[in-house]
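Breakdown of the fold
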Amino acid sequence: MVSTDEAWRRRWLLVVAGGIVMGAALGVRNVQGLFLLPVTLDRGWSRETFGFALALQNLLWGFAQPLTGMIADRYGSARVIFAGIVLYALGLAIMAYAATVGVYTFGVGVLVGIALSGTAFGTVYGALSRLFPAERRSWALGMAGMIGGFGQFCMVPFAQDMIGSIGWAAAIAVLAAVMLAIAPLAELVSQVFGVRYIATLFGFVFFGHQLGSFFGVWLGSVVFDATHSYAMLWQGSIWLGLISGLLHLPIDDRRVARVALQGVRAA
């Protein structure tokens, strides 16, 4: 029989593992903007080409999230996270050595985009939500998010330093190796069950978020190529944010009482 202290140690390991996976996945994703100038100058591509690849990454991340969420809810998060990590590393390797726009877009946009759906918020938070009871769930997700945020923070100077010292292609290859190194962590979560459809539901909500990300990244590069400034994009983003806030004001997020359904179940 597992003692209470032993059970909590195992849960701590899961929180730390989930945070590391999420921090690495999102950290590598967030530093890709650092490669804009070295990649476009070295390959002679436009910013729109680079921007479209990242925009496609966001879009496919959103498209794939409901599917990976369903797989995680049905078969467990471990397989999804492990497959996502391996796919992520493969996409980065292609990004590092791609000589054509099509191959580069496939690696960065398609493979990394799909990989993010298996290594970021949806799958990791879904796994932790299935493990922890309701009264501890917010703590677990908050701690994993904090660890993941610290990982993202560390990734920026790490990537910047590598670009300056060994070049952008070798830097991406190192990031691919980092992703493979965390594969064994897959979150330790092979026997986690519980809140059954949370990863699926998160996936559908997240798709809308990534649809906006696609247009934001792609149109940003289009606007810059046309005007040599991001001013129009920032102005549009501000207005969209204000409109979104106003649309959310009348939402009532109180729990809906299902009296009739409870009466039927009782009968």
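Model, not experiment: these values are computed from the prediction. (Residues numbered from 1 in each chain as written. Predicted model: local features only at pLDDT ≥ 70, side-chain atom pairs only at ≥ 80, totals over all residues. Heavy atoms only, no water.)

**Remarks on the side chain of T68**
The following threshold applies: Secondary structure counts use DSSP, requiring at least four H or I residues in a row for a helix and at least two E residues in a row for a strand, with both numbered from the N terminus. The classification of residues rests on relative accessible area computed with a 1.4 Å probe and restricted to protein chains. Under 20% of the type maximum is buried, over 50% is exposed, and intermediate values are partly exposed. Polar contact criterion, stated in full: a pair of N or O atoms within 3.5 Å, where within protein one must be able to donate a hydrogen and the other to accept it, and residues adjacent in sequence count only if both atoms are side-chain atoms. Residue contacts follow a heavy-atom distance rule, with two residues in contact if any of their heavy atoms lie within 4.5 Å.
With respect to the helices and strands, T68 occurs in helix α3 (residues 47-75). When its relative accessible area of 12% is taken as the criterion, T68 is described as buried. Within the structure, T68 has its side chain in polar contact with the backbone oxygen of S117 (distance 3.2 Å). Filtering out sequence-adjacent residues up to four positions away, T68 remains in contact with V80 and S117.

**With respect to the packing of α3 against helix α4 (residues 77-97)**
Quick note on the threshold: To get an axis, a line is fitted to the C-alpha atoms, and for a helix only the part in contact is used. The angle between two axes follows their N-to-C directions and goes from 0 to 180 degrees. Throughout this description, any angle smaller than 35 degrees is read as roughly parallel, any larger than 145 degrees as roughly antiparallel, any in the 65 to 115 degree range as roughly perpendicular, and the remainder as oblique.
Interaxial distance between α3 and α4 falls to 7 Å at its minimum, and their mutual angle equals 140°. By the criterion of interaxial angle, the relationship of α3 to α4 is oblique. In this structure, α3 contributes T68, I71, A72 and Y75 to the contact, and α4 contributes S77, R79 and V80.

**Digging into the packing of helix α6 (residues 121-131) against helix α7 (residues 134-166)**
Selection criterion: Whether a crossing is left-handed or right-handed is set by the direction in which the near helix is turned from the far one by less than a right angle, anticlockwise for left-handed and clockwise for right-handed. Polar here means any residue outside two lists: the nonpolar Ala, Val, Leu, Ile, Met, Phe, Trp, Tyr, Cys and Pro, and the charged Asp, Glu, Lys and Arg; Gly therefore counts as polar.
Where α6 meets α7, the axes come as close as 9 Å, and the angle between the chain directions of the two elements is 145°. Remark: the crossing between α6 and α7 carries right-handed chirality. Contacts between α6 and α7 involve Y125, L128 and S129 from the former and R137, A140, L141, A144 and G145 from the latter. Residues belonging to the contact of α6 with α7 are distributed by class as follows: five nonpolar, two polar and one charged.

**Comments concerning the pattern of salt bridges**
Which entries qualify depends on this criterion: The salt bridge criterion pairs a side-chain nitrogen of Lys or Arg with a carboxyl oxygen of Asp or Glu, the two atoms within 4 Å.
All told, the structure shown has one salt bridge when counted by the stated rule. Between D42 and R43 there is a salt bridge, with the nearest N and O atoms lying 2.8 Å from each other.

**Some details on the nonpolar core**
Definition in use: Among the buried residues, those of types Ala, Val, Leu, Ile, Met, Phe, Trp, Tyr and Cys that are joined through side-chain atoms within 4.5 Å form a nonpolar core.
Counting 49 residues, the largest nonpolar core has F35, Y88, L92, Y104, L175 and M179 as its most contacted members. Of all the secondary structure elements, the ones that give two or more residues to this core are α1 (4-30), α2 (36-43), α3, α4, α5 (101-119), α6, α7 and α8 (168-181). Among the elements that line this core, the one with the most residues is α1, at eight residues. Ignoring anything within four residues of it in the chain, the contact list for L92 reads V28, Q32, V112, I172, L175, A176 and M179.

**Comments concerning the packing of aromatic side chains**
Here is the rule we go by: For Phe, Tyr and Trp, rings pair up if their centres lie within 6.5 Å, where Trp contributes its six-membered ring, and each pair is then called stacked (planes under 30 degrees apart), edge-to-face (over 60) or tilted (otherwise).
Counted under the stated rule, the structure contains three aromatic pairs. Three or more aromatic residues joined by ring pairs make a cluster, and in this case those are W45, F50 and Y104.

**Concerning a nonpolar patch on the surface**
Under the convention used in this document: Only residues above 30% relative accessible area that lack a salt bridge enter a patch, with like-charged residues linked at up to 9 Å and the nonpolar side chains Val, Leu, Ile, Met, Phe, Trp and Tyr linked at up to 5 Å. Where accessible areas are quoted, they stem from the Shrake-Rupley method and a 1.4 Å probe; at the residue level, only the protein chains shown are allowed to cover.
Together, I238, W239, L242, I243 and L247 make up a nonpolar patch on the protein surface, roughly 580 Å² of accessible area in all. With respect to the element layout, L242 can be found in helix α10 (residues 231-248).

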